[in-house]
Amino acid sequence: MSERIGVYVCHCGTNIAGTVDVEDVAKWAAEQLEHRGVVIARDYKFMCSSLGQELIQKDIQELGLTRVVVAACSPHLHEKTFRTACQNAGLNPYLCELVSIREQCSWIHTDKAVATEKSKAILSGGVERVIWHEALEPLRVPIHPATLVVGGGIAGIQAALEIADAGYPVILVEREPSIGGHMAQLDKTFPTLDCSACILTPKMVDAGNHPNITLLSWAEVTQVDGYVGNFQVVVKQKARYVNTELCTGCGICVEKCPMKVTDDVFEAGLGKRKVIYTPFPQAVPKYPVLDREHCTFFLKGTCKACEKFCPTGAIDFEQQDELLQFDVGQIVLATGWDLFDARRIPQYGYGKLPNVYTSLEFERLANASGPTGGKIVLRDGVTVPQSVAIVHCVGSRDHNYNAYCSAICCMQSLKFAHLVHERTGAEVYNCYIDIRTPAKGYEEFYNRLLDEGTHFIRGKVGEITDAARVPEEEGKLIVQVEDTLLGRQRRVPVDMVILSAGLEPRADNKETAHLFGISCSADGWLIERHPKLDPIATMTDGIYIAGCVQGPKDIPATVVQGAAAAARALGKIQQKEVAMEPIRATVNEDQCSGCRICNNLCPFNAILFHEDRMVSEVNPALCQGCGTCVAACPAGAISGTGFSNEQISAQIEGLLMLNVQRMETV
């Protein structure tokens, strides 16, 4: 063989060595694969350590290695580490092959002899494959300094401010009339009981007034093209029917509008709003929006009270939706969450029993700017409850609905108990499965609620009913629950029930993922590149996720992710260009039949079709090298760099030990 291959087998402490005879694997490679070009085979306790990397670099320089194979953990973790080690020694980093004998072998076997033989086969496949590797150079693309942030909740606001404060332009798009998201609906925030509006509003104002932020509320992204550093996005600016250049936000139009409708969004159905409205007093931007669906003028052609009384002539009934185009280098998705629909659990009575509330309804009930001015009362608007039950984990930790924990429900429920104690003096019963208070100050808050006299019942609520069995239950809501600490069923009569509903992915998350060329999990949350080591990036370069769009989390964790996404974006902006993996697909136009199967299958929208020539072409900046098109092409016209037919065939031969068998035959 003309190639000189170095083989390095890692012990990974006992992760690999506990199940695989690492020394035997290295010795076998030196003896049995010598005819395939292996000139050195070593084992080392931690190949990823500085000493392990120096060992590889020294062998490359002294032995003239032209290829390197490392048998260790997943390439997902340390491929970059070993490629960098090769590059530092003067060897092209793409002439290094990392094979996994941890995840694919030692971690899934208990028989050491079997695991050792399998490791030899995996290593053999890596050696055969690396022979066909080619020296590659990363693709370098310039980075446009502007960033698109989608979603104006606390995660999006934080990300936008971090980037804008660094001196770079941001396009902040929010589908509602005002930024603020769900946090703007809350009364207090746990565990410190800060007023939510008090800590959120300054950030909203900063985002609305920042010279580097272009704020587009009442708008949605409708099209995304391009690739990292060079995205072209189209934003639909929905008609407000208010000329924002003339509007002063005085509110006279809202005051004079004679029509009221139920506010199902900000007030969670508990309050009314005018047909022309701003969602809440601290809204940013301050300009109102006209609800065309309920407006008397659009329905009957009459009224126009808002136009008649507007002192600046800002009302414009002729206004149309606009399509705005922007060039951006990177995108941060922070589109947030939806509340679990408690009607899906009919035995809890929500929607049928009037005094059963969801958590978001209670937030508005307790809020000073809410429909009752912060008074906690029953649906009649007058009666103060004397007893309240709070049900945890509604729609969460339940295989009938969502198996995951929603992260905020325990602390949210404890906060509700405190607010009820503080404002009504009522008896409070918290029905929980398990109390989860893992963050800073959370356990102290739980102990505070114990001191306040909250009754905790460990057990899953079976039913909430108004069917009384005894006189003291008449006119009450009865919470049927199994108290697992007492070991018996209990019926708890109360005046009010609060369902601590879980967090769910946005209903349109799948459409959002498709629009931006990324993926959703089985639960519907957007998928990160790595759940532990890279929870911000996605598999599409230049697109990041922050906040609850990635999964349930509380406000501090959401703010952290928003700042982290901004940091990732800023890092690339300041580099002015980004190096992209050269592992890409290419189309042989002579073989392409123009069937367009690949165009429809590409998950990253990286394949273009040229109508004039009737052939497809892969945009290397968009392609992520997933290989879907390569496998699907019926004409075999697409090949994947780094995954050629020769490489795959050679690796299969190595895995089957055909290379070793040929040597034994000779």
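Residues numbered from 1 in each chain as written. Predicted model: local features only at pLDDT ≥ 70, side-chain atom pairs only at ≥ 80, totals over all residues. Heavy atoms only, no water.

A. Molecular detail of a nonpolar patch on the surface. On the surface, a cluster of nonpolar side chains totalling about 420 Å² of accessible area is made up of Phe-643, Ile-648, Ile-652, Leu-656 and Leu-658. Tracing the sequence through the fold places Ile-648 in helix H17 (residues 645-655). (Patch = residues over 30% accessible without salt bridge, like charges linked within 9 Å, V, L, I, M, F, W, Y side chains within 5 Å. Areas by Shrake-Rupley, 256 points an atom, 1.4 Å probe, with all protein chains shown as cover. Salt bridge = Lys/Arg side-chain N within 4 Å of Asp/Glu carboxyl O. Helix = DSSP H or I, 4+ residues; strand = E, 2+ residues; numbered from the N terminus.)

B. Spotlight on the sheet that holds strand S26 (residues 488-494). One open sheet accounts for three strands, arranged S24-S25-S26; its pairing is antiparallel. Among the strands making up the open sheet, the edge pair consists of strand S24 (461-465) and S26. On average, each strand axis in the sheet is inclined to that of its neighbour by 20°, with strand direction left out of account. Strand direction decides the pairing type here: S24 and strand S25 (residues 477-483), joined by four bridges, are antiparallel. Each residue of the ladder has a partner; that of Glu-463, found in S25, is Gln-480. (Pairing = 2+ DSSP bridges. Axes fitted to C-alpha atoms, helices over the stretch in contact; angles between N-to-C directions.)

C. Geometry of helix H13 (residues 509-516). Residues of H13 that are buried: Asn-509, Thr-512, Ala-513 and Phe-516. In an axial view of H13, the angular spread of the buried residues amounts to 100°, which keeps them on one side of the axis. Facing away from the buried side of H13, by more than 90 degrees, are the exposed residues Lys-510, Glu-511 and His-514. In this fold, the buried residues of H13 make contact with strand S6 (147-150), strand S11 (219-227), strand S18 (330-333), strand S28 (503-505) and strand S29 (543-545). Downstream of H13 by one or two residues, Gly-517 has phi in the positive range, about 70°. (Buried < 20%, exposed > 50% of the residue type's maximum accessible area, 1.4 Å probe, protein only. Arc of directions from axis to C-beta. Contact = heavy atoms within 4.5 Å.)

D. A look at the side chain of Lys-572. Here Lys-572 lies in helix H14 (residues 555-575). Sequence-distant contacts of Lys-572, defined by excluding residues within four places in its chain, comprise Ile-143, Gln-330, Tyr-544, Glu-577 and Val-578.

E. Quick peek at the packing of helix H1 (residues 22-32) against helix H4 (residues 112-131). It is the contact of H1 with H4, at a shortest axis distance of 10 Å, that shows an interaxial angle of 40°. Viewed along their axes, H1 and H4 adopt a mutual orientation that is oblique. Regarding H1 and H4, the two cross each other, and that crossing is right-handed. The residues of H4 that touch H1, namely those facing Asp-24, Val-25, Trp-28 and Ala-29, are Thr-116, Ser-119, Lys-120, Leu-123 and Ser-124. (Parallel < 35°, antiparallel > 145°, perpendicular 65-115°, else oblique. Left-handed = near helix turned anticlockwise from the far one by under 90°.)

F. Spotlight on the sheet that holds strand S2 (residues 38-44). Taken together, four strands build an open sheet; the order of strands is S2-S1-S3-S4 and the sheet is parallel. Because the sheet does not close on itself, it has two edges, and the strands there are S2 and strand S4 (96-100). Between one strand axis and the next, the sheet turns through 15° on average, direction left out of account. Here strand S1 (residues 5-10) runs beside strand S3 (residues 67-72); their pairing, made up of five bridges, is parallel. Within the sheet, the bridge partner assigned to Val-9 lies in S3 and is Ala-71. On top of the sheet, helix H2 (residues 50-63) reaches S1, S2 and S3; it is set at about 165° to S2, its chief contact. Sitting on the sheet, H4 is in contact with S1, S2, S3 and S4, with an inclination near 155° to S3.

G. Structural detail: the packing of helix H5 (residues 154-165) against helix H6 (residues 196-209). Here H5 crosses H6 at 50°, and the two axes come no closer than 10 Å. With respect to each other, H5 and H6 are oriented oblique. Crossing geometry of H5 relative to H6 is assigned as left-handed. For the pair H5 and H6, contact is made by Ile-154, Ile-157, Gln-158 and Leu-161 and by Leu-200, Lys-203, Met-204, Asp-206 and Ala-207, respectively. The residue makeup of the contact of H5 with H6, split by class, is six nonpolar, one polar and two charged. (Nonpolar A, V, L, I, M, F, W, Y, C, P; charged D, E, K, R; others polar.)

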